[in-house]
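Fold and contact review
Spelled out from the first residue to the last, the chains are:
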Amino acid sequence: MEILNNRESLKGYINAQKEQGKSIGFAPTMGALHSGHLSLYEHARKDNDIVISSIFVNPTQFNNPEDLEKYPRTIDKDINLLKEHGFVDAVYIPTINDIYPNGAQSKQYDFGGLESEMEGKFRPGHFDGVGTVVEELLRQVQPNRAYFGEKDFQQLAIIKKLIEITGLPVEIYGIPIVREENGLALSSRNQRLSPERRAEAKLIYETLTKANEDFKAGKNPSEIRRAVAQTFDNIKDYTLEYISIADEETLREAHEFLPSKSYRAFIVVVVDGVRLIDNLHLK
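Below is a summary of the structure that appears in this document. (Residues numbered from 1 in each chain as written. Predicted model: local features only at pLDDT ≥ 70, side-chain atom pairs only at ≥ 80, totals over all residues. Heavy atoms only, no water.)

Turning our eyes to something else, we now look at the layout of surface pockets. There is about 260 Å³ of room inside the largest pocket. In this structure, the largest pocket is lined by 14 residues; those nearest its centre are Asn-64, Asp-67, Arg-189, Gly-273 and Arg-275. Examining the composition of the lining of the largest pocket, we find that 3 residues originate from one element, helix α3 (residues 65-70), more than from any other. Split by residue class, the lining of the largest pocket holds 3 nonpolar, 3 polar and 8 charged. Taken together, domain 1 (2-175) and domain 2 (190-282) each give at least three residues to the lining of the largest pocket, which thus spans both. (1 Å grid on protein atoms, 1.4 Å probe; cavity = no way out; pocket = protein on both sides within 12 Å on 5 of 7 lines; lining within 4 Å. Points joined across faces, edges and corners; volume = space filled by probe spheres on them. Helix = DSSP H or I, 4+ residues; strand = E, 2+ residues; numbered from the N terminus. Nonpolar A, V, L, I, M, F, W, Y, C, P; charged D, E, K, R; others polar. Domains from an automatic or database assignment.)

Structure below.
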């Protein structure tokens, strides 16, 4: 596996692959890799001649400096994990100057309202930061296909819109959520939980599963949201930041269920100061 530590080494590598007519699959990450990330590369391996990873903790998508500071950085472990599983041919580990040569500032995008829902309400500027770094990485890596996890479903929608806005010639694929045995969605942030909290946090997925049961039972969005909120009332060290029952296409809050639409439950729970997100398609 090639390790590309700067933009110039990446450029040389990409040019060599393009000259040989090889297709490129790509999934950018912020490191602290786990099986969820590996699932992206496993899918990319099936579809492409070459698979590239990137590891870069992007400062412009953090609106909380403390969260940026605490974000786990495990670069040596990440490289060993990628080598061990063999899905990836090269990993790009850019410096801040490789991504932001003029300083770490976000571009501003109009994502058609997608950026104003859910995470956009709680993390101002977050999706401008995501759009900026993803656009730059896609321009540098020049993949045929790029892969993103559905755990960050709103981010996936934003990136699809980004491709529409920029016209970049890349196909975007969403890959299903990978979960721990107890149902907790795999996340780099899980590393910050104690073993006890990590086990207890299965409650998040159990709550989404119950929301899906209520959906099938014919309850309306308000009733489902209220039931979820009640679940987290008075649970020590758990704070429900939001529960959203939303249209999968627009991400707007649903007030009724229409048979022509698809819906998804989105949840954010803060557990011992660690912000955990999850979602589930309602069917």
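So, next bit.
Turning our attention to the packing of aromatic side chains. Working definition: an aromatic ring pair is given by the centre-to-centre distance plus the angle between the planes. Counted by the stated rule, this structure contains 8 aromatic pairs. Taking 5.3 Å as the distance between ring centres and 15 degrees as the angle between the ring planes, the aromatic pair formed by Tyr-147 and Tyr-173 counts as stacked. Of the two residues, Tyr-147 sits in strand β5 (residues 145-149) while Tyr-173 sits in strand β6 (residues 171-175), which places them 26 residues apart along the sequence. On the basis of relative accessible area, Tyr-173 is assigned to the partly exposed category, the value being 31%. The structure contains a cluster of three or more aromatic residues connected by ring pairs, namely Phe-215, Phe-257 and Tyr-263. (Phe/Tyr/Trp six-rings, centres within 6.5 Å; stacked < 30°, edge-to-face > 60°. Buried < 20%, exposed > 50% of the residue type's maximum accessible area, 1.4 Å probe, protein only.)

Let us now look at helix α1 (residues 7-19). For α1, with 13 residues, the first-to-last C-alpha span of 18 Å sits near the 18 Å given by 1.5 Å per residue. Within α1, burial applies to Leu-10, Tyr-13, Ile-14 and Gln-17. All buried residues of α1 fall inside an arc of 95 degrees around its axis, so they share one side. Exposed positions of α1 whose direction lies more than 90 degrees from the buried face are Glu-8 and Glu-19. Of the surrounding secondary structure, the elements contacted by the buried residues of α1 are β1 (2-4), β2 (24-29), β3 (50-55), β4 (90-92) and α7 (126-141). Measuring from the side-chain oxygen of the N-cap residue of α1 to the backbone nitrogen of Glu-8 gives 3.2 Å; that N-cap residue is Asn-6. Just downstream of α1, Gly-21 is the residue with a positive phi angle, here 70 degrees. (Expected span 1.5 Å × (residues − 1). Arc of directions from axis to C-beta. Contact = heavy atoms within 4.5 Å. Polar contact = N/O pair within 3.5 Å; in protein donor to acceptor, adjacent residues only side chain to side chain.)

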